[in-house]
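Now for the letters of each chain:
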Amino acid sequence: MFVQSAEKALSRKQRLQEKQRRQLAVVDTVDKAEAKVRKAEVELAVAVTEAVQVFGDEQSASEGLDMPVEAIRRFLGMARDEAAGADQVSGAGEGS
């Protein structure tokens, strides 16, 4: 009787381990995808910043890119934040 119970317990344990393994794999996949999205957003923010410079202002860039001004401003802010973060990282090593 005990052997049968031990087999069931092991089976439950194996099922739980497999479920946890799949969950961790999905979380890892989502984390990697989010990192790719973040990188793509930063690249788009840089491109939008360049477009604003080329078109002359946010409104002209909005019309030229067929993108709402609010989106243009969001990407400009993102580019500024990214540049500020890069400045902090590069500046941190200089004081050492």
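In this text the structure is predicted, and so the values were computed from the model without any measurement.

### Re the pattern of salt bridges
Line of reasoning, step 1. Tallied over the full model, the rule gives five salt bridges.
Line of reasoning, step 2. The closest approach of N and O atoms between Lys32 and Asp28, which form a salt bridge, is 3.3 Å. Taken together, the residues Lys32 and Asp28, both in helix α1 (residues 2-55) and four residues apart, mark about one turn of the helix.
Line of reasoning, step 3. Residue Glu82 is joined to Arg38 by a salt bridge in which the shortest nitrogen-to-oxygen separation is 2.9 Å. You can see Glu82 sitting in helix α3 (residues 69-94) and its partner Arg38 sitting in helix α1, a full 44 residues away along the chain.
Line of reasoning, step 4. For Arg38, a relative accessible area of 38% puts it in the partly exposed group.
Line of reasoning, step 5. Overlapping salt bridges, with partners in common, bring together Glu18, Arg21 and Arg22 in one network.

### Things to note about the packing of aromatic side chains
Line of reasoning, step 1. Counted by the stated rule, this structure contains zero aromatic pairs.
Line of reasoning, step 2. Directly above the aromatic system of Phe75 lies the positively charged group of Arg74, at a separation of 4.5 Å from the ring centroid.

### Looking at the confidence of the model for the chain
Line of reasoning, step 1. For the chain, the average pLDDT comes to 89, and 88% of its residues sit at 70 or higher.
Line of reasoning, step 2. For the chain, per-element mean pLDDT is lowest for α3, which scores 85, and highest for helix α2 (residues 58-65), which scores 97.

### Quick word on a nonpolar patch on the surface
Line of reasoning, step 1. A contiguous nonpolar surface patch, about 280 Å² in accessible area, is contributed by Val54, Phe55 and Leu65.
Line of reasoning, step 2. Relative to the elements of secondary structure, Phe55 occurs in helix α1.

Conventions we followed
- Residues numbered from 1 in each chain as written.
- Predicted model: local features only at pLDDT ≥ 70, side-chain atom pairs only at ≥ 80, totals over all residues.
- Heavy atoms only, no water.
- Salt bridge = Lys/Arg side-chain N within 4 Å of Asp/Glu carboxyl O.
- Helix = DSSP H or I, 4+ residues; strand = E, 2+ residues; numbered from the N terminus.
- Buried < 20%, exposed > 50% of the residue type's maximum accessible area, 1.4 Å probe, protein only.
- Phe/Tyr/Trp six-rings, centres within 6.5 Å; stacked < 30°, edge-to-face > 60°.
- Lys NZ or Arg CZ within 6 Å of the ring centre and 35° of its normal.
- pLDDT = per-residue confidence, 0-100.
- Patch = residues over 30% accessible without salt bridge, like charges linked within 9 Å, V, L, I, M, F, W, Y side chains within 5 Å.
- Areas by Shrake-Rupley, 256 points an atom, 1.4 Å probe, with all protein chains shown as cover.

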